[in-house]
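# A look at the structure
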Amino acid sequence: EDDLQFICCEGCQQESPNLKLLTCLHTLCLRCLSKSKPDGQCPMCWMAIPQANSMDNLLFTSLKARLKVYKKIMDGVDLLCDNCKEAAEFWCFECQEFLCTKCFRAHRHYLKGHEVKRMMDIRAGSAKDFLKGTRKTSNLSCSNPTHKNHTVSIYCQKCEKALCCSCALLDSHHAPFCELRSESQRRQEELGSMQRELRRRRSSFEATYTVLQEEASRLEEAQREMRELIRQRVEQLVGLIRREEEELLGLVEARQEQGRRELARELQGVEGVLRRMEAGERLVEKMRLYATEQEVMDMQPFIKSSLQELQRLQPLAAKDQTWPRNFAECRGRLQAL
């Protein structure tokens, strides 16, 4: 579906098994990152890419894996029960297993709380429906490596980690506690609040970007008018001021080029910030729609840090900008002639 194309690399728009989330909140594959190394800039927003300051985009990787299962279900080829290898008719969102009719009956008897759907019902729905189902059943793992298979529902606010009941009860270093789901919800709400603030602040950057574009247009128009005026005056004095004509044209070109370069830098900077803001809003929205609790716990601090950096940026007021907007020197020399 078109709405799920965002899981591709934002640089080359290709699928990749290794997607990196940068501090500018754009996601690039390793190939695009290697291409950007000489400049050290993100090709999307031109922000400097700090060395080794990125993380695996866990959300995109997880979504690709879940979509792979969905595509297998939609294709309906070689769908076998994970237990007895008979033809599969059901999919368990909790166990993430294919089940035949016989195994489904046993599964329903022993695991009554699991959400199981028929293949035909999944095919009748959309990819979004399937992803939402897998999101609900994705479980976090305990931060203790020896308790990876333990179910966790506790969050230690001191060490900022998810814990199983054994760790919470036996290790006195963990305190205070809160419910893991509430902590995940708090982090989602925090990102949502930052997203709303970015939307509010984005208008000022958009206004600055518009002013810079208008200034660039005015600069181009002023250049055209000045060139025409110079040519008209020079035609009146033909042989006597031919050399003066060339000097004046050169001066105009220099002023225009200087202004163009400065405006281009400002436009690129503001556009880069806008792209980072768009990337931030888009990523937070996708986190809200599709991220599991594990992904929220792992990615939220990184995303939060990048969003805070964006919040600290201020657009430069148009009245504070200085460019060589006029051609006073040219006019003075023409008057002297």
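Rules used throughout
- Residues numbered from 1 in each chain as written.
- Predicted model: local features only at pLDDT ≥ 70, side-chain atom pairs only at ≥ 80, totals over all residues.
- Heavy atoms only, no water.
- Patch = residues over 30% accessible without salt bridge, like charges linked within 9 Å, V, L, I, M, F, W, Y side chains within 5 Å.
- Areas by Shrake-Rupley, 256 points an atom, 1.4 Å probe, with all protein chains shown as cover.
- Salt bridge = Lys/Arg side-chain N within 4 Å of Asp/Glu carboxyl O.
- Helix = DSSP H or I, 4+ residues; strand = E, 2+ residues; numbered from the N terminus.
- Buried < 20%, exposed > 50% of the residue type's maximum accessible area, 1.4 Å probe, protein only.
- Pairing = 2+ DSSP bridges.
- Phe/Tyr/Trp six-rings, centres within 6.5 Å; stacked < 30°, edge-to-face > 60°.
- Axes fitted to C-alpha atoms, helices over the stretch in contact; angles between N-to-C directions.
- Contact = heavy atoms within 4.5 Å.
- Lys, Arg positive; Asp, Glu negative; His and termini not counted.
- Polar contact = N/O pair within 3.5 Å; in protein donor to acceptor, adjacent residues only side chain to side chain.

## Overview of a nonpolar patch on the surface
A cluster of nonpolar side chains, Leu237, Leu240 and Leu337, forms an exposed patch at the surface whose accessible area comes to about 320 Å². Along the chain, Leu337 falls in the segment after helix H10 (328–336).

## Things to note about the pairing of strand S7 (residues 152–156)
With four of five residues buried, S7 lies mostly within the body of the structure. The sheet contact formed by S7 and strand S8 (residues 161–164) spans four bridges and is antiparallel. Across the sheet, the residue bridging to Cys156 is Lys161, located in S8. In this antiparallel pair of consecutive strands, S7 and S8, the connection spans four residues, and Glu160 shows a positive phi of 55°. The sheet contact formed by S7 and strand S9 (residues 177–179) spans three bridges and is antiparallel. Residue pairing in the sheet places Tyr155 in a bridge with Cys178 of S9.

## Thoughts on the pattern of salt bridges
Applying the stated rule across the entire model yields 20 salt bridges. Measuring nitrogen to oxygen at the nearest pair gives 3.9 Å for the salt bridge that ties Glu295 to Arg66. Of this pair, Glu295 sits in helix H9 (residues 293–312) while Arg66 sits in helix H2 (residues 58–75), and the two are 229 residues apart along the sequence. You'll find Glu295 and Arg66 in the same group, each marked buried. One salt bridge connects Glu221 with Arg224, and the closest N-O pair in it is separated by 2.6 Å. In this pair, Glu221 and Arg224 are both assigned in helix H7 (residues 180–237), three residues apart and thus about one turn of the helix distant. You can call Glu221 partly exposed: its relative accessible area is 35%. Here Arg224 falls in the partly exposed class, since its relative accessible area comes to 47%.

## Some thoughts on the packing of aromatic side chains
Going through the model one piece at a time under the given rule, you end up with five aromatic pairs. Arranged with centres 5.5 Å apart and planes meeting at 40°, the rings of Tyr70 and Phe130 form a pair that is tilted. Of the two residues, Tyr70 sits in helix H2 while Phe130 sits in helix H5 (residues 127–136), which places them 60 residues apart along the sequence.

## Regarding the sheet that holds strand S4 (residues 90–92)
One key point about sheets: their strands pair by backbone hydrogen bonds, in either a parallel or an antiparallel sense. As summarised here, the arrangement of the three strands in space is S5-S4-S6, forming an open sheet in which the pairing is antiparallel. Each end of this open sheet is capped by a strand with a single partner; those strands are strand S5 (97–99) and strand S6 (116–118). Direction aside, the axes of adjacent strands within the sheet are offset by 30° on average. With three bridges connecting them, S4 and S5 associate as antiparallel partners. Paired with Trp91 across the strands is Phe98, a residue of S5. The strands that helix H3 (residues 101–110) touches are S4, S5 and S6; relative to S5, the one it contacts most, it runs at about 115°.

## Points about the side chain of Arg201
With respect to the element layout, Arg201 can be found in helix H7. No salt bridge is formed by the buried Arg201. Its closest oppositely charged neighbour is Glu197, at 4.6 Å. A distance of 2.4 Å separates a polar side-chain atom of Arg201 from the backbone oxygen of Gln311. There is a polar contact of 2.2 Å between the side chain of Arg201 and the backbone oxygen of Leu313. Aside from chain neighbours lying at most four places away, what touches Arg201 is Leu310, Gln311, Arg312, Leu313 and Gln314.

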